[in-house]
Amino acid sequence: MWGKIEQLIGVPDLHVADFGTRRRHSFLWQEYVVEAMASNLGDAFTGTSNAFLAHKHDLEAIGTNAHEIPMVLAALAPDDAALKASQYRVLELWQKTYQGALLIMLPDTLAQPSF
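Small disclaimer: the values here were computed from a predicted structure and weren't measured.

The rules behind these values
- Residues numbered from 1 in each chain as written.
- Predicted model: local features only at pLDDT ≥ 70, side-chain atom pairs only at ≥ 80, totals over all residues.
- Heavy atoms only, no water.
- Patch = residues over 30% accessible without salt bridge, like charges linked within 9 Å, V, L, I, M, F, W, Y side chains within 5 Å.
- Areas by Shrake-Rupley, 256 points an atom, 1.4 Å probe, with all protein chains shown as cover.
- Salt bridge = Lys/Arg side-chain N within 4 Å of Asp/Glu carboxyl O.
- Helix = DSSP H or I, 4+ residues; strand = E, 2+ residues; numbered from the N terminus.
- Polar contact = N/O pair within 3.5 Å; in protein donor to acceptor, adjacent residues only side chain to side chain.
- Contact = heavy atoms within 4.5 Å.
- Core = buried A, V, L, I, M, F, W, Y, C linked by side-chain atoms within 4.5 Å.
- Buried < 20%, exposed > 50% of the residue type's maximum accessible area, 1.4 Å probe, protein only.
- Axes fitted to C-alpha atoms, helices over the stretch in contact; angles between N-to-C directions.
- Parallel < 35°, antiparallel > 145°, perpendicular 65-115°, else oblique.
- Left-handed = near helix turned anticlockwise from the far one by under 90°.
- Nonpolar A, V, L, I, M, F, W, Y, C, P; charged D, E, K, R; others polar.

Engineer: Looking at this structure, I do not really get a nonpolar patch on the surface. What am I missing?
Structural biologist: A surface patch of nonpolar side chains, about 390 Å² in accessible area, is lined by Met-1, Trp-2, Trp-29 and Tyr-32. Considering the arrangement of structural elements, one finds Trp-2 in helix 1 (residues 2–8).

Here is the structure:
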């Protein structure tokens, strides 16, 4: 871990966030990594998706939308054209709802080549 952090220090325009909660080794390891990145990467470390760790360490709680959102619109699509358009519709609705904030998305949920 330290070797990787050292490689990231000073990289221009770097923005790194922690999204390790779902696949972490343990809570303590995730907390250790989050603390190490925050203290060594400074502003390049943008936060963590773990709301508890964000609160505890005064970091930005950062994350993505739920994967179910694009899946629902895809499931409701009445035909192939609507299915293809559904992923773009999710992005439009999300952007309209949050008016330019919270624009981190995982649009590849269905791994459609068209998207």
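Now that the structure is up, let's keep going.
Engineer: For this particular structure, what's the right way to read the side chain of Glu-31?
Structural biologist: Note that Glu-31 resides in helix 2 (residues 27–41). In this structure the side chain of Glu-31 is engaged in a polar contact, spanning 2.8 Å, whose partner is the side chain of His-57. In this structure, Glu-31 is in contact with Leu-53, Lys-56 and His-57, ignoring residues within four places of it in sequence.

Engineer: Quick question: what am I supposed to make of the nonpolar core here?
Structural biologist: Note that soluble globular proteins tend to have their nonpolar side chains buried in a common cluster. Among the nonpolar cores identified, the biggest contains 11 residues, and these are Ile-5, Leu-14, Val-16, Val-33, Val-34, Ala-36, Met-37, Leu-41, Ala-44, Phe-45 and Leu-53. Looking at this core element by element, the count peaks at five residues for helix 2. If near-sequence neighbours (up to four positions away) are discounted, Leu-41 is found in contact with Ile-5, Leu-8 and Ile-9.

Engineer: Help me understand the pattern of salt bridges in this model?
Structural biologist: Between side chains of opposite charge, pairing is possible as soon as their charged atoms come close. Under the definition given, this model contains two salt bridges. Note that Glu-31 and Lys-56 form a salt bridge whose closest N and O atoms lie 2.7 Å from each other. Residue Glu-31 is located in helix 2, and its partner Lys-56 is located in helix 3 (residues 51–56); the two are separated by 25 residues in the primary sequence. For Glu-31, a relative accessible area of 8% translates into the label buried. The residue Arg-89 makes a salt bridge to Glu-92 at a minimum N-O spacing of 3.3 Å. Within this pair, Arg-89 and its partner Glu-92 are both found in helix 5 (residues 80–98), separated by three residues, close to a single helical turn.

Engineer: Help me understand the packing of helix 4 (residues 68–76) against helix 5 in this model?
Structural biologist: Packed helix pairs are specified by the crossing angle of their axes together with the interaxial distance, meaning the distance between the axes. Interaxial distance between helix 4 and helix 5 falls to 8 Å at its minimum, and their mutual angle equals 135 degrees. By the criterion of interaxial angle, the relationship of helix 4 to helix 5 is oblique. Here helix 4 and helix 5 pass one another in a crossing that is right-handed. Across the interface between the two elements, Ile-69, Pro-70, Leu-73 and Ala-74 of helix 4 pack against Leu-83, Ser-86, Gln-87, Arg-89, Val-90, Leu-93 and Trp-94 of helix 5. Looking at the contact of helix 4 with helix 5 residue by residue, the classes come out as eight nonpolar, two polar and one charged.

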